[in-house]
Amino acid sequence: MSTVIIERLSEDEIKKREIRTWPIWEKEISTFDWFYDGQEQCLFIKGEVEIETTDGNFKITAGDFVTFQPGLKCIWHVLKPVRKHYNFD
């Protein structure tokens, strides 16, 4: 299984999971290292990011629903300012 899973959810699925009630995180253009000690799921509202991992690079844009698996070490390259709903398990 990949450490980064990118999906497109229907608006019905977003409503069913109540994703728009999750907290919001924002980040300016930047590069930083990150480690996930738990699973994070998020819905990107705006922005563009490239996530660099040992599994390869993943491009994420507005509308993507992303699951980051526990244990993932990566480098975030925020190419356009990000705004996303997020939830940690």
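Scroll up a little and you will see the structure.
Here's a quick rundown of the structure. (Residues numbered from 1 in each chain as written. Predicted model: local features only at pLDDT ≥ 70, side-chain atom pairs only at ≥ 80, totals over all residues. Heavy atoms only, no water.)

**Digging into the nonpolar core**
Consideration 1: Counting residues in hydrophobic clusters, the biggest one holds 16 residues, and the most contacted among them are Phe44, Val49, Ile51, Ile60, Val66, Phe68 and Trp76.
Consideration 2: Those elements that provide at least two residues to this core are β4 (40-53), β5 (56-61), β6 (65-68) and β7 (73-88).
Consideration 3: Leave out the neighbours within four places in its chain, and tryptophan 76 touches Trp25, Ser30, Thr31, Phe32, Trp34, Tyr36, Phe44, Val49, Glu50, Ile51, Phe68 and Lys84.
Consideration 4: By size, the runner-up hydrophobic cluster in this structure holds 6 residues, among which are Ile19, Trp22, Leu43 and Phe65. (Core = buried A, V, L, I, M, F, W, Y, C linked by side-chain atoms within 4.5 Å. Buried < 20%, exposed > 50% of the residue type's maximum accessible area, 1.4 Å probe, protein only. Helix = DSSP H or I, 4+ residues; strand = E, 2+ residues; numbered from the N terminus. Contact = heavy atoms within 4.5 Å.)

**As for the environment of isoleucine 29**
Consideration 1: Considering the arrangement of structural elements, one finds isoleucine 29 in the loop between β2 (24-27) and β3 (30-35).
Consideration 2: Using a relative accessible area of 55% as the deciding quantity, one classes isoleucine 29 as exposed.
Consideration 3: For the pair isoleucine 29 and histidine 77, spaced 48 residues apart in sequence, the C-alpha separation works out to 7.7 Å.
Consideration 4: When neighbours within four sequence positions are excluded, isoleucine 29 is seen to be in contact with Val78, Leu79, Lys80 and Pro81.

**A closer look at the packing of aromatic side chains**
Consideration 1: Evaluation of the coordinates by the stated rule reveals 10 aromatic pairs.
Consideration 2: Note on tryptophan 34 and tyrosine 36: the rings are 6.4 Å apart at their centroids and 70 degrees apart in plane angle, and the pair reads as edge-to-face.
Consideration 3: With a centroid separation of 6.3 Å and 25 degrees between ring planes, the pair formed by phenylalanine 44 and tryptophan 76 is classed as stacked. Taken together, the residues span a long stretch of sequence, with phenylalanine 44 in strand β4 and tryptophan 76 in strand β7 at a distance of 32 residues. Accessibility assignment for this pair places phenylalanine 44 and tryptophan 76 in one class, buried. (Phe/Tyr/Trp six-rings, centres within 6.5 Å; stacked < 30°, edge-to-face > 60°.)

**Observations regarding the pattern of salt bridges**
Consideration 1: Across all of its chains, the model carries 8 salt bridges by this definition.
Consideration 2: Put simply, glutamate 28 and lysine 27 hold a salt bridge, and the shortest N to O gap is 3.6 Å.
Consideration 3: Of the charged contacts in the structure, one is a salt bridge between glutamate 40 and lysine 84, with a shortest N-O distance of 2.6 Å. With glutamate 40 in strand β4 and lysine 84 in strand β7, this residue pair connects regions lying 44 residues apart in the sequence.
Consideration 4: You can call glutamate 40 buried: its relative accessible area is 3%.
Consideration 5: Among the charged side chains, a network of salt bridges with common partners joins Glu48, Lys59 and Lys80. (Salt bridge = Lys/Arg side-chain N within 4 Å of Asp/Glu carboxyl O.)

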